[in-house]
Amino acid sequence: MTIPRPSRVTLPAAALAAMLAAGCGSTVAGTGVPAAGRTHVRLPLVTSLTVPGMASWAIVDMGGSSAAYENFWQLITRRAGTARWTLATPPGVADNGGLVAASLGGAALVTGVDPSQDLRFSPLATTRDSGAHWTPGLLPAGLASVPSALAAGTGGRLLALTDRGLAEMSAPGGASWARLTSLASLAATPAGRSCGLRSLTAAAFTPSGMPLLAGQCASRGVTGIFAYSGGGWRRAGPALPAALAQRRVSVLQLSTAGHRTIALLTAAAPGGAVSLIAAWANPGGRWALSAPLPLNGARVVSTAADPGAAARTTSTGTTSTGTTAAAAGTGTTSTGTTAAATGTAGAGQAAIPAASTVGVILSTGLADTIAGPASPWRQLPALPAHAAALVLGPGPLISALAAHGSVLTGWRLAAPAGSRAVAWTRTQVMKVPVPYGSSS
Amino acid sequence: MPGMNSGLNLGNPLLIAAFRSALLHQGIAALVILGVLALAWVSVREWRPAARGAGSAAGVAPDAEPSWRLLLRVGFGIIWIFDGLLQAQPSMVVGLPSRIIEPTAASSPAWVQHVVNWAGTAWSYHPVQAAAAAVWIQVGIGCWLLAARRGRWSQLAGLASVGWGLTVWVFGEAFGGIFAPGLTWLFGAPGAALLYAAAGGLIAMPRRYWHARWLGRGMLAVLGLFFAGMAVLQAWPGRGFWQGHLGHQAGTLTGMVQSMAQTPQPGFLAAWVRGFGSFTAAHGFGVNLFAVIALALIGAALLSGRPALIRPTVIVMVLLCLADWVLIEDMGIFGGLGTDPNSMIPIALLVIAGYLALAPAPARAVAPDTVAVADTVAAADTVTVADTVTVASGAEPAAPAPGWRRRLSPGRLAAAFGSADARTVAAAWALAVTIIGVFPLAAAAASRSASTQIAQAIDGSAVALNYQAPGFRLTDQAGQPVSLAGLRGKVVLLTFLDPVCTSDCPLIAQEFRAADQLLGASRRNVELVAIAANPVYHAVADTRAFDQQEGLAGVPNWRFLTGPLPALRQVWHNYYVAAELAPAGGMVLHTDVAYVIDAAGHTRTELNFDPGPGTAASKSSFAAELTDAALKAMGRS
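Predicted, not measured: the structure shown is a model, and the values here were computed from it.

A. Local environment of the interface of chain A and chain B. The partner chain B presents 25 residues to the 27 residues of chain A that form the contact. At the boundary of chain A with chain B, total buried surface from both sides reaches about 1,900 Å², with 64% on carbon and sulfur atoms. When the area that chain A buries against chain B is broken down by residue, the three leading residues are Gly92(A), Asp118(A) and Phe121(A), summing to 28%. Inspection of the region where chain A meets chain B yields zero salt bridges. The tally of links between chain A and chain B comes to seven residue pairs in polar contact (both at pLDDT 80 or more). Contributions of two or more residues to the side of chain A that touches chain B are made by strand S3 (71-79), strand S7 (122-127) and strand S8 (135-139) of chain A. Tallied by class, the residues present in the side of chain A that touches chain B amount to 16 nonpolar, eight polar and three charged.

B. Representation of the pairing of strand S28 (residues 407-414) of chain A in the model. Residues and elements named next belong to chain A. With six of its eight residues buried, S28 lies for the most part within the structure. Here strand S27 (residues 398-404) pairs with S28 via six bridges, running antiparallel. When the bridges of S28 are listed, Leu 401 appears paired with Gly 410. The turn linking S27 back onto S28 is made up of two residues, and Gly 405 within it adopts a positive phi angle of 65 degrees. Across eight bridges, the pairing between S28 and strand S29 (residues 423-431) is antiparallel.

C. Fine view of the nonpolar core. Residues and elements named next belong to chain B. Leu 72, Phe 76, Trp 185 and Phe 227 are the most contacted members of the largest nonpolar core, which totals 120 residues. The element contributing the most residues to this core is helix H6 (residues 127-147), with 15 residues. Residues within four places of Trp 185 in sequence aside, it is in contact with Phe 226, Phe 227, Met 230, Gln 234, Leu 295, Met 317, Leu 320, Cys 321, Asp 324, Met 344 and Ile 347.

D. Inspection of the packing of helix H9 (residues 213-235) of chain B against helix H14 (residues 344-357) of chain B at higher detail. Residues and elements named next belong to chain B. At a minimum axis separation of 7 Å, H9 and H14 run at an interaxial angle of 140 degrees. When the interaxial angle is binned, H9 and H14 end up oblique. Between H9 and H14 lies a crossing of left-handed hand. Side by side, H9 and H14 meet where Gly 216, Met 219, Leu 220, Leu 223, Phe 226 and Phe 227 of the first sit next to Ile 347, Leu 350, Val 351, Ala 353, Gly 354, Tyr 355 and Ala 357 of the second.

E. Highlighting the pattern of salt bridges. Residues and elements named next belong to chain B. Tallied over the entire structure, the rule returns eight salt bridges over all chains. Ionic pairing is found between Arg 604 and Asp 598, a salt bridge with its closest N-O pair at 2.7 Å. By relative accessible area, Arg 604 is classed as partly exposed at 33%. A network of salt bridges, in which partner residues are shared, links Asp 476, Lys 490, Glu 527 and Arg 559.

F. Layout of the side chain of Glu527(B). Residue and element names in this part refer to chain B. In this fold, Glu 527 is placed in strand S9 (residues 526-532). Among the polar contacts listed, one links the side chain of Glu 527 to the side chain of Arg 559, at a separation of 2.9 Å. With near-sequence residues (within four places) excluded, Glu 527 lies in contact with Leu 487, Lys 490, Val 491, Val 492, Leu 493, Asn 557 and Arg 559.

G. Seen up close, the state of the cysteines. Residues and elements named next belong to chain A. Counted under the stated rule, the structure contains one disulfide over all chains. In this model, Cys 195 is linked to Cys 217 through a disulfide, with the two sulfur atoms separated by 2.0 Å. Measuring handedness by torsion sign, the sulfur bridge of Cys 195 and Cys 217 sits at about -105 degrees and is left-handed. Linking Cys 195 in helix H2 (residues 190-195) with Cys 217 in strand S14 (residues 211-217), this pair joins segments that are 22 residues apart in sequence. With relative accessibility at 0%, the residue Cys 195 sits in the buried group.

Conventions adopted
Residues numbered from 1 in each chain as written. Chains lettered and ligands numbered in written order. Predicted model: local features only at pLDDT ≥ 70, side-chain atom pairs only at ≥ 80, totals over all residues. Heavy atoms only, no water. Contact = heavy atoms within 4.5 Å. Buried area = accessible area lost by both parts, 1.4 Å probe. Salt bridge = Lys/Arg side-chain N within 4 Å of Asp/Glu carboxyl O. Polar contact = N/O pair within 3.5 Å; in protein donor to acceptor, adjacent residues only side chain to side chain. Helix = DSSP H or I, 4+ residues; strand = E, 2+ residues; numbered from the N terminus. Nonpolar A, V, L, I, M, F, W, Y, C, P; charged D, E, K, R; others polar. Buried < 20%, exposed > 50% of the residue type's maximum accessible area, 1.4 Å probe, protein only. Pairing = 2+ DSSP bridges. Core = buried A, V, L, I, M, F, W, Y, C linked by side-chain atoms within 4.5 Å. Axes fitted to C-alpha atoms, helices over the stretch in contact; angles between N-to-C directions. Parallel < 35°, antiparallel > 145°, perpendicular 65-115°, else oblique. Left-handed = near helix turned anticlockwise from the far one by under 90°. Disulfide = S-S within 2.5 Å.

What follows is the structure in structure tokens.
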């Protein structure tokens, strides 16, 4: 078995605009592209991404109140083979509004700053050496407040969702930008109409370099993922099983990992109950779904992805083909989701779980991970206080970053010597020089 | 509400000093006017004894002023003067729009806020002039009411009270809060200033109505209707008045009383108010029931028109007003931002006046009616000794009045002035005092831009310089080379902006743009130049994006310059500008400064250009300061 070399991997920034500061938003579904004219910050979810053999990246919000512009988003990185996290936040612009990122492959990453206060466009920055040096760039529009607002494709092309409901694509290298489509235009296409597209919530490229856009559908039982090819848009998302036919689906997050595309979906039942579903697509575009994870009123506040694990997991064929995996959800759902919902599994597990490809932290303070479509959701042991980001990989390693004020604490899930039970172990405490007062 | 808050500190020393200076100078002007008027009056009377005689010869006493009018005129005269003195508190300069006007209108409908915002913004733009104007207008109206006992002067004083009362009621009291929830007589409905206007209207009534039989009944009927309506409102369920407390929250009345107790005031008074607040919290239902019954009975009694009922009712009303004034309204004058003693005193005066107006008119004197000269000093109605008309039974008809040109002849004017009595001269002086307030206020309201005092209060005064401006050669937003030498012949307004700044720089850019508009035709002699101040984001694309964002792309004399980092660093160094990276997601920290370079290339002015709170008033003020500096550099200040 060969492990496919990861090419372009988009940083999975969770697509729920949780409005943490305001405490609004009882649904998990992405709220789409906010209107232009920002007042208070609406943050994307905290995110993390592991690029196998290269680095792990995490984006966390630190500092004080976002209402007072005392919060500052930080990019944290841990190089492969090391245990230490370092601060890699791109310099030169205030990032009170949020930070999104997309992997360009290898040690390269492109970041975009969500505008805040009187700034209306989004400065970009690109690193090719894991954050040691940065090259500035520009998107002459404001990025949308969703975590998958920025995507990187072949040759360094970038795809961006703006806060005015537009999708802009750049030339290779990000030098110039041109409009690809808009919410209104996409919604008017046959594909968009069949979905009843309400908002755009995520952007990505397929492994072959096709632009992908995703959003929230008004129609039930339809997943709003669209691919651009041949000058037009077609639906490219997974078909939902019968059990989910009456649910309204939103795409929280979309990312391309290796030769796979990972999507994180929310499915809202008519009664209001919302479930989280992970979906994986193979290079041929066939999707496999996880079992639904009932959120029981909680919101997803952070997501994590390990594309290397995803590549290994999916390439060994442990997932079913196409949508059949969704049927597995009806069988394994009760086991996996029950465990996740009641927390009776995970805590005190005898062994570290197999490598997870997707992980989430919920607003209840619980964290769940899943290895693949045939796997159940596993609830992790209770997170450390102020845990903000989950980082998966490399391999079976699971880390957490806790942010409290200007102190960042790194944790690792491991079985202490002589014990079979896993627990969180503190690995690092970092004082971040948050520039309080500089934006007000 | 946008625009109303200047963002400045209540105790800003520069603005307070300017306010005190304005009051002092205007006070001196008022005294000078008084002195001039007094001197002229005495002089004319000495030079033209006939004028003095005319005054006394004309003197068969006119109708005596009825007691109700006397009460209103003197009572509200004193209140207006008191309000004027309250307006002289230092914190009024900055605090009135943001701490009084804005909160008052906050719970009113949007259209009310829109109306109020206009005045609040005008105040914010010229806080010193507005605050001083309010002092003199109110003191002037008060003195005018006291001085002018009868005749047109007195009527005009009443009308002035109506005008300014309504102005304050609309713009300062947000229509007395009648469109906001929670309206209650206990808190001052329908607004003190409306009561001032009502009193002024009664004072302004022609003499023939002074003793009208219907006047007293009408006044009391209107007041009775008002109290009856307030009783209904007080009794209305769901407004929080029936409960002393709602769970852990205070009821409406309790909350109001408790908040009034927090106002800085004498300790004994605070204790009374707090005590009443506790009582209300425990017995909210009873207190409100008492209020409802009292208001209803008072209203019914006043509406009945029966003197036997009205007299005790008036006494009860006055006592109730006093109790409310102390225990609920907390007298309204403490805390440094009290503008008036609230509504209870005025409403008590109106009720008493209505009662007094019920009294029958005095028997008229048989002596001939005379138009007293003292009543007709106003220019349009100037009546000289020769024009005194004495009409008695069977007297000869008077000669036709002279034309207006003859009336305005200096001789006639001097004679009329000399024959005026002291009260009339005092009334004329009071009018002058009022005008001392009105004219600067009107001029300020008509100004396009805010006072530069605001900018100076934030950043201090500009520094005058005179040295050769360091040259530079950079690239503008269109990719064209631009040098300072190439701009010779025009005044250059120079600043340093971070293209990806989130706060200060967009504000500064807007201030530059506003200054360009204020320059008008002179803008063709001015170049607005910004130099990039970010060591990372300084590409032409960045400056262009900034221009698009700020609407500067189409401004012909705007140039946003940038260049290679070493060149930028040299320019920053030459102009004493720091531009430093901040860690961990912070904005670049750079100096906020503006330079005015004259057409010969000499730096003439340096302005600290930290935009401060970035309110509409402060932005306008900085723009005005920059414009003034540019015009001065052009030699056209």
